[in-house]
Amino acid sequence: MTGTERIERWSPGDQILWRYRCHAPDLTGHGIEICRPVTVVRDTDEVIAVWMAPGTECVKPVLADGTPVHEQPLATRYTAPRTVVRDRWWGTGVLKLARPGEPWSVWLFWDPGWQFKSWYVNLEEPRTRWAGGIDSEDHFLDISVFPDRQWVWRDEDEFAEAQRVGLIGPEKARRVRSAGQEALGVIQEWGSPFRDDWQRWRPDPAWPVPELPADWASVPARLAS
Ligand code: MG
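So, here's what we can say about the structure. The shown structure was predicted, so the numbers you read here are calculated from the model rather than taken from an experiment.

1. Describing the layout of surface pockets
Then comes step 1: In this structure, the largest pocket encloses a volume near 850 Å³.
Then comes step 2: The wall of the largest pocket is formed by 32 residues, among which Ile-34, Arg-36, Lys-60, Pro-61 and His-70 lie closest to the centre.
Then comes step 3: If you tally residues by element for the lining of the largest pocket, the top one is strand E4 (residues 57-63), at four residues.
Then comes step 4: For the lining of the largest pocket, the residue count by class is 16 nonpolar, four polar and 12 charged.

The following block contains the structure:
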């Protein structure tokens, strides 16, 4: 860092890729197992906000034999080799928010008809930016937060299994849990983004659904910065 490092900002309406690296045995050849084309809502020093529209074509992991990851028994979910497939995002749209350097992002979910459902705190590696988007690595453990401010840990079983098979070592597991505790502190004091009224945000109806580019994996995960 020189102190004059220039961060290229995206503009609202720009289309970028929100990607996650693979950490199971990886047959992809490029190290990315999730790629979601999204539209930039806001990109400042404080937050990047992106919209994943319903029907967006995405990349998701599957086991080498095509089994969906969540149908694979937990005992072999993280040791069986994986590849990726293209699929549409069939749910309602998702708004993703992230603060630079923070080891989580916060996703907003709605039921059909824009009935706000919950926030989802996805614990993850602080994101790195590259020309075409943002890369991170999922940390298995998550937190759901509801409009009445109740919250619950999610995917404790997957977090435990990832440690059992050595995808996350003891030191990293402590960091992830402690990041989760830090996020709980923000939830309990009802800090950003929970207090920021993003539930009322709506996408610009003129935005097209971004397409998954043919070269979505062209910048290998390990080179992105
Ligand atoms: Mg997660």
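2. A short note on the coordination of the magnesium ion
Then comes step 1: The coordination sphere of the magnesium ion contains the protein donors Asn-122 (OD1), Asp-138 (OD) and Asp-142 (OD), at a distance range of 2.1 to 2.3 Å.
Then comes step 2: Each donor residue of the magnesium ion lies on the same chain, and together they follow the pattern N-x15-D-x3-D.
Then comes step 3: Exposure remark for Asp-138: the relative accessible area of 22% places this residue in the partly exposed category.

3. Considerations on the environment of Val-38
Then comes step 1: Note that Val-38 resides in strand E2 (residues 32-43).
Then comes step 2: Of the residues examined, Val-38 reaches a relative accessible area of 0% and is grouped as buried.
Then comes step 3: Through-space distance from the C-alpha of Val-38 to that of Pro-210 is 6.3 Å; in sequence the pair is 172 residues apart.
Then comes step 4: What Val-38 contacts, discounting residues up to four positions off in sequence, is Asp-14, Gln-15, Ile-16, Trp-18, Val-50, Trp-51, Met-52 and Pro-210.

4. A short note on helix H3 (residues 170-188)
Then comes step 1: In this model H3 runs 27 Å from its N-terminal to its C-terminal C-alpha over 19 residues, within 8% of the 27 Å that 1.5 Å per residue would give.
Then comes step 2: Within the span of H3, buried status applies to Lys-172, Ala-173, Val-176, Ala-179, Gly-180, Ala-183, Leu-184, Val-186 and Ile-187. Buried residues in H3, looked at end-on, bunch into an arc of 160°, giving them a common side. Along H3, exposed side chains directed more than 90 degrees from the buried face belong to Pro-170, Arg-174 and Gln-188.

5. Observations concerning the side chain of Glu-158
Then comes step 1: Locating Glu-158 in the fold gives a position in helix H2 (residues 156-164).
Then comes step 2: A polar atom in the side chain of Glu-158 sits 3.2 Å from the side chain of His-70.
Then comes step 3: In contact with Glu-158, other than residues within four places in its own chain, are His-70, Leu-74, Arg-77, Tyr-78 and Phe-140.

6. Focus: the side chain of Thr-67
Then comes step 1: Looking at the secondary structure, you find Thr-67 in the loop between E4 and helix H1 (74-77).
Then comes step 2: Among the polar contacts made by the side chain of Thr-67, one reaches the side chain of Asp-65 at a distance of 2.7 Å.
Then comes step 3: Not counting the four nearest positions on each side in its chain, Thr-67 is found in contact with Val-62 and Gln-72.

7. Details of the pattern of salt bridges
Then comes step 1: Summed over all chains, the structure comprises 18 salt bridges.
Then comes step 2: Across the pair Lys-60 and Asp-87 runs a salt bridge whose closest N-O atoms are separated by 3.0 Å. Here Asp-87 lies in strand E5 (residues 82-88) and Lys-60 lies in strand E4, a separation of 27 residues in the sequence.
Then comes step 3: Residue Asp-87 is classed as partly exposed on the basis of its relative accessible area, which comes to 25%.
Then comes step 4: Between Glu-102 and Arg-99 there is a salt bridge, and its shortest N-O distance comes to 3.8 Å.
Then comes step 5: Judged by relative accessible area, Glu-102 falls into the buried class, the value being 17%.
Then comes step 6: A relative accessible area of 33% places Arg-99 in the partly exposed class.
Then comes step 7: Residues joined by salt bridges that share partners form a network here, namely Arg-9, Asp-43, Asp-45 and Arg-129.

Rules used throughout
- Residues numbered from 1 in each chain as written.
- Predicted model: local features only at pLDDT ≥ 70, side-chain atom pairs only at ≥ 80, totals over all residues.
- Heavy atoms only, no water.
- 1 Å grid on protein atoms, 1.4 Å probe; cavity = no way out; pocket = protein on both sides within 12 Å on 5 of 7 lines; lining within 4 Å.
- Points joined across faces, edges and corners; volume = space filled by probe spheres on them.
- Helix = DSSP H or I, 4+ residues; strand = E, 2+ residues; numbered from the N terminus.
- Nonpolar A, V, L, I, M, F, W, Y, C, P; charged D, E, K, R; others polar.
- Donors = N, O, S within 2.8 Å, 3.2 Å for Na, K, Ca; no water.
- Buried < 20%, exposed > 50% of the residue type's maximum accessible area, 1.4 Å probe, protein only.
- Contact = heavy atoms within 4.5 Å.
- Expected span 1.5 Å × (residues − 1).
- Arc of directions from axis to C-beta.
- Polar contact = N/O pair within 3.5 Å; in protein donor to acceptor, adjacent residues only side chain to side chain.
- Salt bridge = Lys/Arg side-chain N within 4 Å of Asp/Glu carboxyl O.

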